[in-house]
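# Chain and residue survey
Here is what each chain is made of, one letter per residue.
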Amino acid sequence: MNVLLVILIVGLSLMVVVSLVRGVVAFLQTTKVDLENGGTNSAELQMRQNKAMMSRIKYQALAIVAVLILLAING
């Protein structure tokens, strides 16, 4: 059971990093000019940022729950 939870925690941690990188890339693609002019591309990139950051929060919460379960089993 411990091995399964550790693998789950590692997988969720990797998903957190992937989501963070995707959000940062979308953020960097949004240029100041695009935001000032209200371009159509900026709305799409902002939605990508929001989706990536929400998935990051979701994966972080799941990783914390997995750590708590692991601690409860071994504690």
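Residues numbered from 1 in each chain as written. Predicted model: local features only at pLDDT ≥ 70, side-chain atom pairs only at ≥ 80, totals over all residues. Heavy atoms only, no water.

## Let's talk about the overall build of the chain
Helix and strand counts for the chain stand at 3 helices and 0 strands. Each helix and strand of the chain, placed in order from N terminus to C terminus, yields the pattern α-α-α. At 17 Å, the chain has a C-alpha radius of gyration far larger than the 11 Å of a compact globule built from 75 residues. Overall, the chain is about 55 × 15 × 15 Å in size when its C-alpha atoms are taken along their principal axes. Within the chain, the fraction of its 75 residues that count as buried is 24%. Counted over contacts in the chain with a minimum sequence separation of 6, partners at least 24 positions apart contribute 73%. On the chain, roughly 5400 Å² of surface is accessible, and the fraction owed to carbon and sulfur atoms is 71%. (Helix = DSSP H or I, 4+ residues; strand = E, 2+ residues; numbered from the N terminus. Rg over C-alpha atoms; globule rule 2.2 N^0.38 Å. Buried < 20%, exposed > 50% of the residue type's maximum accessible area, 1.4 Å probe, protein only. Contact = heavy atoms within 4.5 Å. Areas by Shrake-Rupley, 256 points an atom, 1.4 Å probe, with all protein chains shown as cover.)

## Quick notes on the packing of aromatic side chains
One pair of aromatic rings is described through two measures. These are the centre distance and the angle between the planes. Counting across every chain of the model gives 0 aromatic pairs. The aromatic ring of Y59 is capped on one face by K58, whose charged end is 5.0 Å from the ring centroid. (Phe/Tyr/Trp six-rings, centres within 6.5 Å; stacked < 30°, edge-to-face > 60°. Lys NZ or Arg CZ within 6 Å of the ring centre and 35° of its normal.)

## So, the confidence of the model for the chain
A residue-level look at the chain finds 92% of positions with pLDDT of 70 or above and a mean pLDDT of 88. Confidence, expressed as mean pLDDT per element, reaches its minimum in the chain at helix α2 (residues 32-37) with 68 and its maximum at helix α1 (residues 2-29) with 93. (pLDDT = per-residue confidence, 0-100.)

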